[in-house]
Amino acid sequence: MFENLNMWEVGALLLLALLIFGDRLPAVINDGLRMVRNLRNMARNATGDLSRELGTDIQLEDLHPKAFIRKHLLSEEDEAAIRKPMQGVYDNLRADVSGVHNELKDVANAADPRSNGSRSGTATGASPAPAPRASYDDAT
C-alpha cells in the first residue's frame, strides 16, 4: 500500500494526521482498524455463504468470471477440449518464432566484426587500419 512513499513522505503524512486530529489520533486509528476488520469479516462471510449456496469451495479470487467458469463449471476434460484446437496453432507459432530468433542470431553473429569467424586479420592478429574519412573540404 505504501510502496510509492518514502520515509519522509510517510513522516509528513503522520505529522499532518497529528496536526488535524490532535489528541483524537489514537481513537481515529482504532476506528479505522476496526472498520478494516469488519470489512474483512464481511467479505469472509459473503464468500462462505456463496460457497454454501453453490456447494463448492470459493475463494475471493475465484469471483472473477473467467476464473469462476474455469474452476467451477468446466471439468478438466472440457478445458482440454477447448484448448486443443489452439494448442497446435500455438506450437506452430512458437516453432516459427524460435526459428526466426535463431536465424537473427546467426545473421547478427555473421555481421559482428568482433566475432572470430568473420575477422580477416593479418598474421600478427592486429586489426586493419580504418579507412580515411572523406571530409567536406575534400568533396568541394
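These figures come from a predicted structure and were not determined experimentally.

(A) Structural view of the overall build of the protein chain. Counting its secondary structure elements, the protein chain contains five helices and zero strands. When the helices and strands of the protein chain are read in sequence order from the N terminus, they spell out α-α-α-α-α. Split into buried and exposed, the 140 residues of the protein chain put 6% on the buried side. Entry remark: accessible area of the protein chain is about 12700 Å², with carbon and sulfur atoms responsible for 61%.

(B) View of helix 2 (residues 25-54). Taking 1.5 Å per residue as the helical rise, helix 2 with its 30 residues ought to reach 44 Å, and the 44 Å between its terminal C-alpha atoms agrees with that figure. Against the buried residues of helix 2 lie helix 1 (7-21). Looking one or two residues beyond helix 2, the residue adopting positive phi is G55, at roughly 80°.

(C) View of helix 4 (residues 76-111). With 36 residues, helix 4 extends 49 Å from end C-alpha to end C-alpha; this agrees with the ideal 52 Å at 1.5 Å per step. Of all bends in helix 4, the biggest is about 40°, found at K84, and the proline P85 comes one to four residues later.

(D) Representation of a nonpolar patch on the surface in the model. A cluster of nonpolar side chains, namely L13, L16, I20, F21 and V28, defines an oily patch on the protein surface of about 420 Å² accessible area. At four residues, the largest contribution of residues to the nonpolar patch is made by helix 1. Residue position: F21 is located in helix 1.

(E) Region of the structure containing the side chain of T47. Inspection of the secondary structure puts T47 in helix 2. For T47, a relative accessible area of 14% translates into the label buried. A distance of 2.9 Å separates a polar atom in the side chain of T47 from the backbone oxygen of R44.

(F) Focus on the pattern of salt bridges. Taken as a whole and assessed by the stated rule, the structure comprises two salt bridges. Here R34 and D31 are joined by a salt bridge, their closest N and O atoms 3.3 Å apart. On the criterion of helical spacing, the pair formed by R34 and D31 is a turn pair, its members being three residues apart in helix 2. On the accessibility criterion, R34 (39% relative accessible area) is partly exposed. The salt bridge involving D49 is made with R52; its shortest N-O contact spans 2.2 Å.

(G) A look at the confidence of the model for the protein chain. On average, residues of the protein chain carry a pLDDT of 78, and 78% of them reach 70 or more. At the low end of the mean pLDDT range in the protein chain sits helix 5 (residues 136-139), at 55; at the high end sits helix 1, at 89.

Rules used in this analysis
- Residues numbered from 1 in each chain as written.
- Predicted model: local features only at pLDDT ≥ 70, side-chain atom pairs only at ≥ 80, totals over all residues.
- Heavy atoms only, no water.
- Helix = DSSP H or I, 4+ residues; strand = E, 2+ residues; numbered from the N terminus.
- Buried < 20%, exposed > 50% of the residue type's maximum accessible area, 1.4 Å probe, protein only.
- Areas by Shrake-Rupley, 256 points an atom, 1.4 Å probe, with all protein chains shown as cover.
- Expected span 1.5 Å × (residues − 1).
- Contact = heavy atoms within 4.5 Å.
- Bend = angle between axes of the 7 residues up to and from the residue.
- Patch = residues over 30% accessible without salt bridge, like charges linked within 9 Å, V, L, I, M, F, W, Y side chains within 5 Å.
- Salt bridge = Lys/Arg side-chain N within 4 Å of Asp/Glu carboxyl O.
- Polar contact = N/O pair within 3.5 Å; in protein donor to acceptor, adjacent residues only side chain to side chain.
- pLDDT = per-residue confidence, 0-100.

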